[in-house]
Each structure stands twice: as structure tokens, then as C-alpha cells.
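# Architecture and fold: a report
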Amino acid sequence: MGQCYNSTIIDAPIDRVWRTIENFHDMGWGKPIIEKVDKVGAKHGTEPGAGRVLNGAFHETLVSVDPDQYTFTYSIDDGPGPVAKEAVKNYFGTVALHPVTDSDATFVVWTSSYESDSDAAVAEFCNPIYAGLLKALKSHLS
């Protein structure tokens, strides 16, 4: 099983960071990595089952959300290259926020796990995207 791990500390309170990322359909904070989000289905962006297509290429579904624990999990159902449905199975990503109590900052962890014949190719493809998204989130909130 392959895995990705990316993290950062954002100099903002956890509630502010959560309000920024909690809506699965709103990635306005993710530019320039995410330029377009298309909502799929009737579910609201905070409801499990909500779907989206990012940049016309990544088809994702919100699997679970726990606002009390500041975390959500999603699946990548199809996408380009190493995350195409023919190349990867059981791709689940999780974003989790944790308070940094001595500074009122937020520790953000973005992980994923998946099954693929080329775990390294998936990691090489996804890790820079997640690192870029965390950088964009940090910049958006500063």
C-alpha cells in the first residue's frame, strides 16, 4: 500500500483554518494549484457523498467529515496518469487539523493511502500537489 504525507503549520487559529477548508466544493483558497471546481451531484460540500471535479481532471468524493475533530476524508475516483481509475485503487486522502496550543496556530496534516502497481509513481505525482495546496492555504490565511 502506498502513502503520501505532507504537513505544515499555519499561523491562524484552528477554527479559522477549518472554516476555510470545510466546504468540499470551495477551493478558492487553492489557487494557483486548483483553478476550477465543478460540483457533482446534489449533496452540499459538507455532506458525505458530495462530489467534485478539480481542474476538469480529478474526480473526487467526500467520504466522511468530522467538524468536531477538524478532519475530512475523500476518495479519488479517477484522474490523470498514476491516479487514473485503471492505475490506482482505494485512493483515500485525509486532511486533519490540530491546534498548536502555545501559539494559537494550526498543524495541518494531509495524508493519503492507495493501492497501485507503482506506488512510487503515485507519490511522485501527488506529493507536489499536496505540498502546493498546503502552501496555497498558508498563503491564503496569512
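Residues numbered from 1 in each chain as written. Predicted model: local features only at pLDDT ≥ 70, side-chain atom pairs only at ≥ 80, totals over all residues. Heavy atoms only, no water.

## A short note on the environment of V122
- Here V122 shows up in helix 2 (residues 119-141).
- Spatially, the C-alpha atom of V122 lies 6.6 Å from that of V83, the residues being 39 residues apart in sequence.
- Not counting residues within four places of it along the chain, the set of residues in contact with V122 comprises P82, V83, Y91, Y114 and S116. (Helix = DSSP H or I, 4+ residues; strand = E, 2+ residues; numbered from the N terminus. Contact = heavy atoms within 4.5 Å.)

## Considering the side chain of T20
- You can see T20 is positioned in helix 1 (residues 14-21).
- The class for T20 is buried, based on a relative accessible area of 16%.
- Setting aside its immediate chain neighbours within four residues, T20 contacts D26, W29, L137, H140 and L141. (Buried < 20%, exposed > 50% of the residue type's maximum accessible area, 1.4 Å probe, protein only.)

## Considerations on the pattern of salt bridges
- This structure, assessed with the given rule, holds 2 salt bridges.
- Ionic pairing is found between D38 and K36, a salt bridge with its closest N-O pair at 3.6 Å.
- Residue class for K36 comes out partly exposed when judged on its relative accessible area of 46%.
- The closest approach of N and O atoms between E60 and R52, which form a salt bridge, is 2.8 Å. The pair E60 / R52 is uniform in exposure class, with both members buried. (Salt bridge = Lys/Arg side-chain N within 4 Å of Asp/Glu carboxyl O.)

## Things to note about the pairing of strand 6 (residues 88-100)
- The pairing of strand 5 (residues 71-78) with strand 6 spans 5 bridges and is classified as antiparallel. Each bridged residue has a counterpart across the sheet, and for F72 the counterpart in strand 6 is V95.
- With 11 bridges joining them, strand 6 and strand 7 (residues 105-116) adopt antiparallel strand pairing. Directly across from V95, in strand 7, lies its bridge partner W110. (Pairing = 2+ DSSP bridges.)

## Here we look at the nonpolar core
- Counting 35 residues, the largest nonpolar core has Y91 and Y130 as the members making the most contacts within it.
- Every element with two or more residues in this core is listed here: strand 1 (2-10), helix 1, strand 4 (58-66), strand 5, strand 6, strand 7 and helix 2.
- Beyond its immediate sequence surroundings of up to four residues, Y91 is in contact with Y74, S75, I76, V83, S112, S113, Y114, V122, C126 and Y130. (Core = buried A, V, L, I, M, F, W, Y, C linked by side-chain atoms within 4.5 Å.)

## Comments concerning unusual backbone geometry
- Going from K31 to P32, the amide bond is cis rather than trans, its omega being 10 degrees.
- One non-glycine residue, N55, lies in positive phi territory at about 50 degrees.
- By the element assignment, N55 lies in the loop between strand 3 (51-54) and strand 4.
- For N55, a relative accessible area of 34% corresponds to the partly exposed category.
- Of note, D104 is a non-glycine position whose phi angle comes to about 60 degrees, a positive value.
- The residue D104 is located in the loop between strand 6 and strand 7 in this model.

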